[in-house]
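What follows is each chain in one-letter form.
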Amino acid sequence: QVQLVESGGGLVQPGGSLKLSCAASGSFFSIYGMGWYRQTPRNQRELVAHITKGGSTNYADSVKGRFTISRDNAKNTVYLQMNSLNPEDTAIYYCNAALRVVPGGVMYDYWGQGTQVTVSS
């Protein structure tokens with residue numbers, strides 16, 4: 001059973017910073033792309049940032065220059081450093097990982113349970 005466990009959310013004032021972490025555990029062969037998505041009650045889930053196994057990254061325009069995604073392949077963990085936060089960043093943040101459970105097997109998407117980020121004074 002594969003699990004993605006997120007941590008690091010919370011309440012922060014505008015202009016502040018938070019760092020999210022997401023660790024994959026369980027039995028699997030390899031993790032490929034990993035990413036962070038966010039969702040608000042009004043909006044669909046949207047991609048925030050993505051990183052490939054080799055370290056190539058891409059970001060939503062709204063977070064470029066403020067957020068940084070990184071990963072530690074040895075720890076099967078992805079991070080999201082969020083700086084200069086503003087109220088529009090308030091959302092539930094979800095971790096995503098594309099992985100194969102066995103060599104040559106189908107690649108599946110797995111999701112974390114979500115962590116709340118609230119930016120408010």
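Calculation criteria
- Residues numbered from 1 in each chain as written.
- Predicted model: local features only at pLDDT ≥ 70, side-chain atom pairs only at ≥ 80, totals over all residues.
- Heavy atoms only, no water.
- Core = buried A, V, L, I, M, F, W, Y, C linked by side-chain atoms within 4.5 Å.
- Buried < 20%, exposed > 50% of the residue type's maximum accessible area, 1.4 Å probe, protein only.
- Helix = DSSP H or I, 4+ residues; strand = E, 2+ residues; numbered from the N terminus.
- Contact = heavy atoms within 4.5 Å.
- Pairing = 2+ DSSP bridges.
- Phe/Tyr/Trp six-rings, centres within 6.5 Å; stacked < 30°, edge-to-face > 60°.
- Lys NZ or Arg CZ within 6 Å of the ring centre and 35° of its normal.
- Polar contact = N/O pair within 3.5 Å; in protein donor to acceptor, adjacent residues only side chain to side chain.
- Axes fitted to C-alpha atoms, helices over the stretch in contact; angles between N-to-C directions.

Peer 1: Hey, could you run me through the nonpolar core in this one?
Peer 2: A general feature of soluble globular proteins is that nonpolar side chains tend to end up buried together. W36, V48, F67, V78, L80, M82 and Y93 are the most contacted members of the largest nonpolar core, which totals 29 residues. The set of elements that each furnish at least two residues to this core consists of β3 (18–25), β4 (30–39), β5 (46–51), β7 (67–72), β8 (77–82), β9 (91–100) and β11 (115–119). Ranked by residue count, the leading element in this core is β9, at 5 residues. In this structure V78 touches L20, S21, C22, M34, W36, I51, I69, S70, R71 and C95, once residues within four positions along its chain are discounted.

Peer 1: How do you make sense of the pairing of β3 when you look at a structure like this?
Peer 2: Residues in a regular strand point their side chains to alternate faces of the sheet. With burial as the criterion, only one face of β3 is covered, namely that bearing L18, L20, C22 and A24; the residues K19, S21, A23 and S25 on the opposite face remain uncovered. By the bridge criterion, 5 bridges tie strand β1 (residues 3–7) to β3 in an arrangement that is antiparallel. Among the inter-strand pairings, S7 is bridged to a residue of β3, identified as S21. With 6 bridges connecting them, β3 and β8 associate as antiparallel partners. If you follow K19 over to β8, its bridge partner there is Q81.

Peer 1: I tried to follow the packing of aromatic side chains on my own but got confused; where do I start?
Peer 2: Two measures describe an aromatic ring pair: the distance that separates the ring centres and the angle between the ring planes. For the coordinates displayed, the defined rule picks out 1 aromatic pair. The ring of W111 carries the charged tip of R45 above its face, separated from the ring centre by 4.7 Å. Positioned above the aromatic ring of Y32, the side-chain terminus of K53 is 5.4 Å from the ring centre.

Peer 1: Help me understand the side chain of S30, please; the structure alone is not making it clear to me.
Peer 2: Along the chain, S30 turns up in strand β4. At 2.6 Å, the side chain of S30 forms a polar contact with the side chain of K53. Ignoring any residue separated from it by four or fewer positions in sequence, one finds S30 in contact with K53, A98, L99 and R100.

Peer 1: What exactly am I supposed to notice about unusual backbone geometry here?
Peer 2: Phi is mostly negative for residues that are not glycine, and the peptide bonds are mostly trans. Positive phi, normally seen in glycine, also occurs at N76, with a value near 55°. Counting through the fold element by element, N76 comes out in the loop between β7 and β8. A positive phi angle is found at S84, which is not glycine, with a value near 50°. With respect to the helices, strands and loops of the structure, S84 is situated in the loop between β8 and β9. Under the relative-accessibility criterion, S84 is labelled partly exposed at 43%.

Peer 1: I tried to follow the sheet that holds β1 on my own but got confused; where do I start?
Peer 2: In sheet architecture, strand pairing relies on hydrogen bonds along the backbone and comes in two forms, parallel and antiparallel. With respect to topology, 4 strands assemble into an open sheet ordered β1-β3-β8-β7, the strand pairing being antiparallel. Edge positions in the open sheet fall to β1 and β7, since each of these has one partner strand only. Taken over all neighbouring pairs, the strand axes of this sheet differ in orientation by 15° on average, direction set aside.

Peer 1: What is the right way to read the environment of T115 from this model?
Peer 2: For T115, the position within the fold is in strand β11. According to the relative accessible area criterion, T115 is buried, its value standing at 12%. Each C-alpha atom, one on T115 and one on V101, is 25 Å from the other, the two residues being 14 residues apart in sequence. Residue contacts for T115: discarding those within four places in its chain leaves E6, G9, L20, A91, I92 and Y93. At 3.4 Å, the side chain of T115 and the backbone nitrogen of G9 are in polar contact.

These results come straight from atomic positions and should not be treated as a statement about function.
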